[in-house]
Amino acid sequence: MLCEECGKHPATVHYTQIVQGQKTEYHLCESCAREKGVAAYEAIAGPFSINQLLSGLLNFDPAVKERMDSPGLQCPECGLTFNQFKQLGRFGCPNCYKAFDPALDSLLKKIQTSDQHVGKVPKRRGGVVAVRRQLDQLRNDLQEQIRLEKYEEAAHLRDRIRELERQVEP
Amino acid sequence: MSLHDFLSQAASKWLKDDGPESDIVISSRVRIARNLSHQTFPMLSTDNDKEQLLHQVIKASQTPDASRLGPFEVLKLDELNDIDKLVLVEKHLVSPALIEEKGGAVLLRKDEEISIMVNEEDHLRMQCLLPGYQLEAAYQLANQLDDAFEDSLDFAFDEKKGYLTACPTNVGTGMRVSVMVHLPALVWTEQVNRILSAVTHVGLTVRGIYGEGSDAMGNLFQVSNQVTMGQSEEEIIGNLHSVVRQIIDHERKARRFIVQEAHGRVEDRVCRSFGILAYARQIDSQEALQRLSDVRLGIDMDIIKGVSASILKELMVATQPGFLQKYNGHEMGPGERDSKRAAMIRERLRTDSN
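A look at the overall build of chain B
Step number 1: Scanning chain B for helices and strands turns up 13 helices and ten strands.
Step number 2: Here the C-alpha atoms of chain B give a radius of gyration of 21 Å, agreeing with the 20 Å that 2.2 N^0.38 yields for 354 residues.
Step number 3: In terms of overall dimensions, chain B has C-alpha extents of about 65 × 45 × 30 Å along its principal axes.
Step number 4: The 354 residues of chain B split such that 56% are buried.
Step number 5: Considering only intrachain contacts with a sequence separation of at least 6, the fraction spanning at least 24 residues in chain B is 71%.
Step number 6: Carbon and sulfur atoms make up 47% of the accessible area of chain B, which amounts to about 14100 Å² in all.

This is the structure we're talking about:
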């Protein structure tokens, strides 16, 4: 089958467009499809983009609903509003993560299954972050030792925690 | 190496060389997304912002640590013609998204094992692409690259959320690890969908390299991690590793099975495909991929001798539209491409038999 538009090249892009209940089928070659614009492009690229899926997820999120009611939520650094983020599924700058924080945790849990990074840490900040992670671990251990009534170990852990706390919060 | 050589040289290292398990694993890739603190992501950046960012990245690539991993050639996508851009995409050195937007650039190492996209969705996307099954090596290289650039660039990082990226699907490690596998016997025995859908239950994702699902053309699939947060880099690689190992084992078993159960049919299909590739005067890319996959299986199963095994990956890239047009030196419509594609394949097969 030849392209309906130019009649020269084989039609390789086939799609159906529905506008107000009117169904129209198109059979185009690639270059005509590109000129036709968005709808045709979607037929090549696939109907769902990750961003559409994300904004779908956000729309169903009750935590996000609440946020939506505060219309002014906006990242002070790049100016992206939360509403825009919802539509685009993308952030405007690194600071958006802080600006939209409370609404993000449940989104991250959905798409990432976790909202806590446990991987690599930049060397430059490695020192402090590593110590903080170690502190979290030690505090957990301390609770555990107290629960087990092992007070000698607990005292030892407490001293170690104080020592580390002085390092990160001088 | 000049730009001309860069682009017209038919094969990057990953396309030319063999690697471990290369009868099944075509390539291993690690891609790391990084962004600079206090700068808008490329989506909101002005042309000027993008220009400045590129300048910063180029400077960072010239520090002693970074240049030890280089040297890198800088290609600004706006300065390339459409065919050259397409060739970069077909060689898997840049993403299709990079060539769509203004201000994109890529830093390429000579052997094309390292490519650093600048101003794609994120400020930097650092990619290491190695032939065969070399996940560990690819990660080590990507990790060194990350460390070297981090010395002079202030990467956006949050203690809880990790490396911050433009899309929340990449935040955390910012790392996407993928392995390209050739699974003709699993497709032949109709096991592929069962195995591949199992993979999605363990935080990994599979897609056809060309085409989707069981229609994946050329029986080529990409397995990669879905999740970038809540797992360390080592865990992500470990997960992928254990799954890919199993896929390799299943494919090997399936190959042994079809040798025993259907040797005549396999031999017939392989040889038919070889005959078509050797004599066809017109072939579209879909058929070419399928026939090349058959021939590659025939080489791996010792049915076809004297043809180099790299023919599949070499030609799967070289017979794509951009490469074909580059090779022939002019723009072509699909009809002309089909005859030039057939000619290129015949020529490639002749090179081996000489």
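Observations regarding the packing of helix α5 (residues 82–90) of chain B against helix α12 (residues 321–328) of chain B
Residues and elements named next belong to chain B.
Step number 1: At a minimum axis separation of 7 Å, α5 and α12 run at an interaxial angle of 130 degrees. It follows that α5 is oblique to α12 by the angle criterion. Regarding α5 and α12, the two cross each other, and that crossing is left-handed. Contacts from I83, D84, L86, V87 and E90 of α5 reach α12 at P321, G322, F323, Q325 and K326.
Step number 2: Classifying every residue of the contact of α5 with α12 gives five nonpolar, two polar and three charged.

Some points on helix α8 (residues 192–199) of chain B
Step number 1: Burial in α8(B) covers these residues: V192(B), I195(B), L196(B) and V199(B). The buried residues of α8(B) occupy an angular sector of 95 degrees when projected down its axis, which confines them to one face.

A closer look at the layout of surface pockets
Step number 1: Looking at the second largest pocket, its volume works out to about 310 Å³.
Step number 2: Put simply, the parts of the chain that give the lining of the second largest pocket at least two residues each are α6 (96–99) and α7 (101–112) of chain A together with β6 (157–158) of chain B.

Here's the deal with the packing of helix α6 (residues 135–150) of chain B against helix α9 (residues 233–279) of chain B
To characterise two packed helices, one gives the angle between the axes of the helices and the distance between these axes.
Residue and element names in this part refer to chain B.
Step number 1: For the pair α6 and α9, interaxial distance at closest approach is 11 Å and the crossing angle is 160 degrees. Compared by their axis directions, α6 and α9 come out roughly antiparallel. The interaxial crossing formed by α6 with α9 has right-handed handedness. On α9, the residues touching L135, E136 and Y139 of α6 are E233, E234, I237, L240 and H241.
Step number 2: Of the residues in the contact of α6 with α9, the class split is four nonpolar, one polar and three charged.

Thresholds, definitions, all that
Residues numbered from 1 in each chain as written. Chains lettered and ligands numbered in written order. Predicted model: local features only at pLDDT ≥ 70, side-chain atom pairs only at ≥ 80, totals over all residues. Heavy atoms only, no water. Helix = DSSP H or I, 4+ residues; strand = E, 2+ residues; numbered from the N terminus. Rg over C-alpha atoms; globule rule 2.2 N^0.38 Å. Buried < 20%, exposed > 50% of the residue type's maximum accessible area, 1.4 Å probe, protein only. Contact = heavy atoms within 4.5 Å. Areas by Shrake-Rupley, 256 points an atom, 1.4 Å probe, with all protein chains shown as cover. Axes fitted to C-alpha atoms, helices over the stretch in contact; angles between N-to-C directions. Parallel < 35°, antiparallel > 145°, perpendicular 65-115°, else oblique. Left-handed = near helix turned anticlockwise from the far one by under 90°. Nonpolar A, V, L, I, M, F, W, Y, C, P; charged D, E, K, R; others polar. Arc of directions from axis to C-beta. 1 Å grid on protein atoms, 1.4 Å probe; cavity = no way out; pocket = protein on both sides within 12 Å on 5 of 7 lines; lining within 4 Å. Points joined across faces, edges and corners; volume = space filled by probe spheres on them.

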